[in-house]
Amino acid sequence: MTVNHVFFWASAANFNSLRSFYRTILQPIGYSEMICVNNDALIGYGSDYPYFWLKKLSADKETLPTHIALDAPSREAVDQFYQLALQHGGRDNGGPGIRKEMSRQPYYSAFIFDLDGNNVEAVYLPK
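Sequence positions are assigned chain by chain, starting from 1 and proceeding in written order. Residues qualify for local features only when their pLDDT is at least 70, as the model is predicted, and side-chain atom pairs are given and counted only at 80 or more; totals for whole chains, interfaces and linings, by contrast, use all residues. The side-chain values count all of the structure's non-hydrogen atoms but skip hydrogen atoms and water molecules.

If you look the protein up in an unreviewed UniProt entry, it shows as VOC domain-containing protein from Penicillium coprophilum.

Okay, here's the thing in structure tokens:
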């Protein structure tokens, strides 16, 4: 399993500065802004795929748990990841399904909160 993408959270006060910061420092490694969603409150950077995301927090929040998405080999593996997480103390944060807003290709994923509240996602993208 490989890391599919990672989210960094940015306070509303720092979001525009961080957006510019990451746009600048990621350029030498071949990353650029690839996708903007939710009125530019979520920015995806990458070369051929948005591996690194910057998400604006609402004004009343200063921080949130980490988000990491892991590649899965099949839809069935995503389903099993989700069910096992719930059986072992994880909490639901979005059951298995297609996420049309995330990609032009079929993006099948499930989200759980781990025991510390971190957001973990399993993603199947057909090749």
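Caption draft 1: Just the environment of I35, in detail. Only runs of H or I of at least four residues qualify as helices and only runs of E of at least two qualify as strands under DSSP, and these elements are numbered from the N terminus. The topology assignment puts I35 in strand β2 (residues 32-37). Residue exposure (1.4 Å probe, protein chains only): buried if accessible area is under 20% of the type maximum, exposed if over 50%, otherwise partly exposed. Using a relative accessible area of 24% as the deciding quantity, one classes I35 as partly exposed. With 11 residues separating them in the primary sequence, I35 and G46 have C-alpha atoms 9.2 Å apart.

Caption draft 2: Spatial organisation of helix α1 (residues 15-26). Expected span of a helix, by definition, is 1.5 Å for each gap between consecutive residues, and there is one gap fewer than residues. Between its first and last C-alpha, α1 extends 16 Å over 12 residues, near the 16 Å set by a 1.5 Å rise per residue. Within α1 the residues assigned to the buried category are F15, R19, Y22 and L26. The arc that holds the buried residues of α1, viewed along the axis, is 70°, so those residues lie on one side. Counted as exposed and oriented over 90 degrees from the buried face of α1: N16 and S17. The inward-facing, buried residues of α1 abut β1 (3-10), β2, β3 (42-46) and β4 (50-56). The arc under discussion is defined with respect to the helix axis, by the directions toward the C-beta atoms. We call two residues in contact whenever any of their non-hydrogen atoms come within 4.5 Å of each other.

Caption draft 3: Quick look at unusual backbone geometry. For N39, which is not glycine, the phi torsion reads 55° and is therefore positive. With respect to the helices, strands and loops of the structure, N39 is situated in the loop between β2 and β3. Take N39: its relative accessible area is 81%, and that puts it in the exposed class. The phi dihedral of D40 falls on the positive side, at around 65°, and the residue is not glycine. Positionally, D40 belongs in the loop between β2 and β3.

Caption draft 4: Geometry of helix α2 (residues 75-87). Taking 1.5 Å per residue as the helical rise, α2 with its 13 residues ought to reach 18 Å, and the 19 Å between its terminal C-alpha atoms agrees with that figure. What α2 keeps buried is the set V78, Y82 and A85. One side of α2 carries all its buried residues, which in axial view fall inside an arc of 70°. In α2, the exposed positions that point more than 90 degrees away from the buried face belong to E76, Q80 and Q87. Considering only its buried residues, α2 is in contact with β6 (91-92), β8 (108-113) and β9 (119-124). In the stretch just after α2, G89 is the one whose phi turns positive, near 100°.

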